[in-house]
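Residues per chain are reported as follows:
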Protein chains: 2
Amino acid sequence: MRATIIHGPGDIRVEDRPDPEIKLPADAVVKVTASCVCGSDLWPYRGAFRTPEPRAIGHEFVGVVQSVGADVAALVPGDFVVAPFVDSCGACPQCRNGVTVACDYLASWGGKDEAGFAIDGGQGQYVRVPRAEATLVKVPGVTEPDRELTASLLTLSDVMATGHHAAVAAQAGPGRSVVVVGDGAVGLCGVLAARRLGAERIIAMSRHADRQALAREFGATDVVAERGIAAAAAVRGLLGGVLADAVLECVGTKEAMDQAVACTRPGGNIGFVGSPSGGSELNVRQLFNKNITIGGGMAPARTYIPELLPDVLAGTINPGRVFDVEMPLEDAPEAYRAMDARRAIKVLLRP
Amino acid sequence: MRATIIHGPGDIRVEDRPDPEIKLPADAVVKVTASCVCGSDLWPYRGAFRTPEPRAIGHEFVGVVQSVGADVAALVPGDFVVAPFVDSCGACPQCRNGVTVACDYLASWGGKDEAGFAIDGGQGQYVRVPRAEATLVKVPGVTEPDRELTASLLTLSDVMATGHHAAVAAQAGPGRSVVVVGDGAVGLCGVLAARRLGAERIIAMSRHADRQALAREFGATDVVAERGIAAAAAVRGLLGGVLADAVLECVGTKEAMDQAVACTRPGGNIGFVGSPSGGSELNVRQLFNKNITIGGGMAPARTYIPELLPDVLAGTINPGRVFDVEMPLEDAPEAYRAMDARRAIKVLLRP
């Protein structure tokens, strides 16, 4: 099969790899019909994370079950499935608590399972999925989703689940004013998630016309292009003299977190899902004085997919709109370049 | 009148001060029947905070309304009242949001009101209370509470409201396992608050027999005397292999916060109310990886008192048990010494 391999900073190649096979009774092999490049894939691409040896990359995919191991009963070949961005067991205390991303047997696409077998990356033609029943979510009644539905289902792998996590953690909902820091795919999905949870007033922070437009399409009532103190002042002005009840931090930098704190009213909530780059720290005194509650982290996509899936299938949310570019898998190197240069919000790859 | 004045580190004196008078139409003057020394009073006492000039000290008191200004209708002389640990307006956006400690007109006992008039400290015989209707909470049907009730009402000024804030922020409640870091008056009240909110499993961290005993009386089901990694391991052992759902950080040091993080399960909640000493910082990556939600800060006592008061009056909670020493106001210097040396959990002062 063909699969995307990262060799080092700036060095993405699509190469031949062995077709995956069932290794363990709980495995499934999925034929990938759509995958994509994540903002977090850019970290090793930009050299922020080391890549000591070449490895398969990509952690968001949807596709069709090809074969299953002897212990897999709930999935059969032909099922269309969404894969969360990590592999989890569904049975440990963390999974039972819904925190699948802290699973005792957590495994990463492109990594290894606990038996030591390699797991394929998501940006390839096929993926062996350990603990397939626990990890994959079957899409009921769908075998060949059209392009639009495929794109929206694919967002459930990561960005829509992550935006939803930010909105939930920030307690976005009816009667709550919301600010979203970050206009990447996750931030835009955060806008959509806040709207879906019932927030009426949603302020998106963006200075790019295309992203501003999509934010408005997703439910943003206002857009703030300023940054720093000016942005907080703009929020205060829009909200009649108070800061926001709920702020979604969807970037992961210190600047974004500072921006989120500056936009949150006393007693308000921050939901943060931007994977923290660098040694980001929170000043406890600042949180204490403002009575800010902060929560979030890596989104338990596996827990959220069943909750979000019906709305995607009903077409009441269309998070797949975040994909503004589509390429064949063979063009993965160009997909990385486009994401890196912010020429694309998010690139969908077709194996 | 007699009032407690801090002159500098280790220098507490009880001195003559002018009897307070009504200065503004919204004022009341309260005759203090009980006051006390707070852990946070020890900060300037120990020199951790500067005391540039002598000032009246004390922010927890209960007493009887003596006189009221022309605009005060809801309070009359003779009413027994509880004073929250700060003075707030009740009308600004922060107060309407319940975050009275972030009031736009916030004033401190021992400080000045926005008109520039001095406000008395709580450790004295009388206190002029600005915005009296908004700040004070009348105790219905009570004019001369007995010693036990007085003590419990007095905790509503600060420590019981603060312990409650920690428990609320940590989402302590039915089905949730709770750890309380800190065995001072606030930590002990945190145990009581967690129990009151319905938590069945409450682990108190303490290595002092008297505090352990009171923690158990307040509802702790287990006591852990270890610290650091050993404490987290003990919690994990008590909870069947998982860490706690809800952790109350009731100290304010970096060590206590680290302890709280170490005891929280993935996806769990920390409620922190320990006034952060030093430059305490939270590692965002650590919170991200464990999906920990952290909230708290200065407790909005004014918001909580009406909620907690009925339980105190009914005797279903007796937070006044945290006062293990009682002294006349004239002995305030000794009260500070006893608290500083941890010879007392909390000292009640009788003017």
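None of these values were measured; they are calculated from a predicted model. Each residue is numbered by its place in its chain's sequence as written, counting from 1. As a convention, the first chain written is A and the first ligand written is 1, with the rest following in written order. Where local features are concerned, this predicted model is filtered to residues with pLDDT of at least 70; where side-chain atom pairs are given and counted, the filter is 80 or more; whole-chain, interface and lining totals use all residues. To obtain the side-chain values, all non-hydrogen atoms of the structure were used and water was disregarded.

1. With respect to the interface of chain A and chain B
This is how it is decided: Throughout, a residue-residue contact means that at least one pair of heavy atoms, one from each residue, lies within 4.5 Å. Each of two parts loses accessible area, computed with a 1.4 Å probe, when they are put together; buried area is these two losses added. Salt bridges are defined as contacts in which a side-chain nitrogen from Lys or Arg sits within 4 Å of a carboxyl oxygen from Asp or Glu. In protein, a polar contact means a hydrogen-donor-capable atom and an acceptor-capable atom, both N or O and within 3.5 Å, with residues adjacent in sequence counting only if both atoms are side-chain atoms; elsewhere, any N or O pair within 3.5 Å suffices. For this classification, the nonpolar set comprises Ala, Val, Leu, Ile, Met, Phe, Trp, Tyr, Cys and Pro, the charged set comprises Asp, Glu, Lys and Arg, and every other residue, Gly included, is treated as polar.
Across the boundary between the two partners, chain A contributes 35 residues, which contact 35 residues of chain B. Carbon and sulfur atoms make up 59% of the surface buried where chain A meets chain B, a total of about 3,000 Å² over both sides. Sorting the residues of chain A by area buried against chain B places Val284, Phe288 and Asn291 of chain A first, and these three jointly supply 22% of that buried surface. Taken together, the links from chain A to chain B amount to zero salt bridges. Counting across the interface, chain A meets chain B through eight residue pairs in polar contact (both at pLDDT 80 or more). Partitioning the side of chain A that touches chain B into residue classes produces 19 nonpolar, 13 polar and three charged.

2. Some details on the domain arrangement of chain A
Residue and element names in this part refer to chain A. Our working definition: Domain start and stop positions are those given by an automatic or database domain assignment.
Domain annotation of chain A identifies domain 1 (2-158 + 300-350) and domain 2 (160-296). Just the C-alpha atoms count here: the centres of domain 1 and domain 2 sit 27 Å apart. At the junction of the two partners, domain 1 supplies 20 residues and domain 2 supplies 22 residues. When the two sides are added together, the surface that domain 1 and domain 2 hide from each other amounts to roughly 1,800 Å², 63% of it contributed by carbon and sulfur.

3. Quick look at the pairing of strand E6 (residues 80-83) of chain A
All names here are of chain A. Filter applied, for reference: A 1.4 Å probe rolled over the protein chains alone gives each residue an accessible area, and that area as a share of the maximum for its type sets the label: buried under 20%, exposed over 50%, partly exposed in between. Strands are runs of DSSP state E lasting at least 2 residues, helices are runs of H or I lasting at least 4, and numbering of each runs from the N terminus. Here, a strand pair is defined by DSSP locating no fewer than two bridges between the strands.
Residues of E6 alternate between two faces, with Phe80 and Val82 on one and Val81 and Ala83 on the opposite face, all of them buried. Bridge analysis of E6 against strand E8 (residues 137-138) gives two bridges, and the strand direction is antiparallel. Along E8, the bridge assignment pairs Val81 with Lys138.

4. Let's talk about the sheet that holds strand E1 (residues 2-8) of chain B
Residue and element names in this part refer to chain B. What counts is decided by this rule: Axis definition: a line fit to C-alpha positions, over the contact stretch in the case of helices; interaxial angles, taken between N-to-C directions, run 0 to 180 degrees.
Spatially, E2-E1-E4 is the arrangement adopted by the three strands of the open sheet, whose pairing is antiparallel. Among the strands making up the open sheet, the edge pair consists of strand E2 (11-16) and strand E4 (55-56). Bridge count between E1 and E4: two bridges; the pairing is antiparallel. Looking at E4, one finds that Ile5 is bridged to Ala56. Of the strands in this sheet, E1 and E2 are in contact with helix H12 (residues 332-340), which crosses E2 at around 155 degrees.

5. Some details on the packing of aromatic side chains
Residues and elements named next belong to chain A. This is how it is decided: For this analysis, a ring pair means two rings from Phe, Tyr or Trp (six-membered ring only for Trp) whose centres lie within 6.5 Å, classed as stacked if their planes differ by under 30 degrees, edge-to-face if by over 60, and tilted for the remaining angles.
In this structure the tally under the stated criterion is eight aromatic pairs over all chains. Between Phe61 and Trp109, the ring centres sit 5.1 Å apart and the planes meet at 80 degrees, which makes this aromatic pair edge-to-face. Taken together, the residues Phe61 in strand E5 (residues 61-68) and Trp109 in the loop between helix H2 (93-96) and strand E7 (126-129) connect sequence positions 48 residues apart. According to the relative accessible area criterion, Phe61 is buried, its value standing at 1%.

6. Some points on the packing of helix H6 (residues 185-196) of chain B against helix H7 (residues 209-218) of chain B
Residues and elements named next belong to chain B. Here is the rule we go by: Should an angle fall under 35 degrees it is called roughly parallel, over 145 degrees roughly antiparallel, and 65 to 115 degrees roughly perpendicular, with every other angle called oblique. The sense of a crossing depends on the near helix, which, turned anticlockwise from the far helix by less than a right angle, makes the crossing left-handed and, turned clockwise, makes it right-handed.
Two numbers describe how H6 lies on H7: the axes approach to 8 Å, and their chain directions differ by 15 degrees. Relative to H7, H6 is oriented roughly parallel. Pair H6 / H7 crosses with right-handed handedness. Every residue of H7 that contacts H6 at Leu188, Cys189, Val191, Leu192 and Arg195 is listed here: Arg211, Leu214, Ala215 and Phe218. Here the contact of H6 with H7 is composed, by residue class, of seven nonpolar, no polar and two charged.

7. Some points on unusual backbone geometry
Residue and element names in this part refer to chain A. The phi dihedral of Arg131 falls on the positive side, at around 45 degrees, and the residue is not glycine. By the element assignment, Arg131 lies in the loop between E7 and helix H3 (132-135). Judged by its relative accessible area of 12%, Arg131 is buried.

8. As for the state of the cysteines
For the record, the criterion: Any two cysteine sulfur atoms within 2.5 Å of one another count as a disulfide.
Applying the stated criterion to the full structure yields zero disulfides over all chains. Summary of cysteine pairing: Cys103 of chain A is not part of a disulfide, and the nearest cysteine sulfur, belonging to Cys89 of chain A, is at 3.6 Å.

9. A closer look at the packing of helix H5 (residues 159-169) of chain A against helix H11 (residues 301-314) of chain A
Residues and elements named next belong to chain A. Across the interface, H5 lies against H11 with an axial gap of 9 Å and an inter-helix angle of 95 degrees. When the axis of H5 is compared with that of H11, the two are roughly perpendicular. Seen from H5, the contacting residues are Met160, Ala161, His164, His165 and Val168; seen from H11, they are Ala301, Tyr304, Glu307 and Leu308. Here the contact of H5 with H11 is composed, by residue class, of six nonpolar, two polar and one charged.

10. Regarding the environment of Glu307 of chain B
The topology assignment puts Glu307 of chain B in helix H11 (residues 301-314). Beyond its immediate stretch of four places on either side in the chain, Glu307 of chain B contacts His164 and Arg196 of chain B.

11. Observations concerning H5 of chain A
Residue and element names in this part refer to chain A. Burial analysis of H5 places 10 of its 11 residues in the buried class, the great majority of the element. Val159, Met160, Ala161, Thr162, Gly163, His164, His165, Ala166, Ala167 and Ala169 are the residues of H5 that are buried. Of the surrounding elements, those touching the buried residues of H5 are helix H4 (147-155), helix H6 (185-196), strand E12 (244-249), strand E13 (264-272), strand E15 (293-296) and H11. Phi turns positive, to about 55 degrees, at Gln171, one or two residues after H5.

12. Brief notes about the relation of the copies chain A and chain B
This is how the line gets drawn: Copies overlap after least-squares fitting; the atoms used are the C-alpha atoms of residues with pLDDT of at least 70 in both.
Under the fitted operation, chain A is carried onto chain B by 0.0 Å of movement along the axis and a turn of 180 degrees, and the coordinates agree to an RMSD of 0.0 Å. The transformation relating the two chain copies, once decomposed into turn and shift, fits a two-fold axis.

13. Remarks on the sheet that holds strand E4 (residues 55-56) of chain A
Residue and element names in this part refer to chain A. The three strands are arranged E2-E1-E4 in an open sheet whose pairing can be described as antiparallel. Because the sheet does not close on itself, it has two edges, and the strands there are strand E2 (11-16) and E4. Against the sheet, helix H12 (residues 332-340) makes contact with strand E1 (2-8) and E2, and its axis sits at roughly 155 degrees relative to E2, the strand it touches most.

14. A short note on the pairing of E5 of chain A
Where strand E3 (residues 28-36) of chain A and E5 of chain A come together, seven bridges link them in antiparallel fashion. Looking at the pairing, Ala28 of chain A lines up with Val68 of chain A of E5 of chain A.

15. Describing the side chain of Asp183 of chain B
All names here are of chain B. Positionally, Asp183 belongs in the loop between strand E9 (177-181) and H6. Polar contacts involving the side chain of Asp183 include one to the side chain of Ser206, which spans 2.6 Å. In this view, Asp183 contacts Leu188, Met205, Ser206, Arg207, His208, Arg211 and Arg342; residues no more than four positions away in its chain are not counted.

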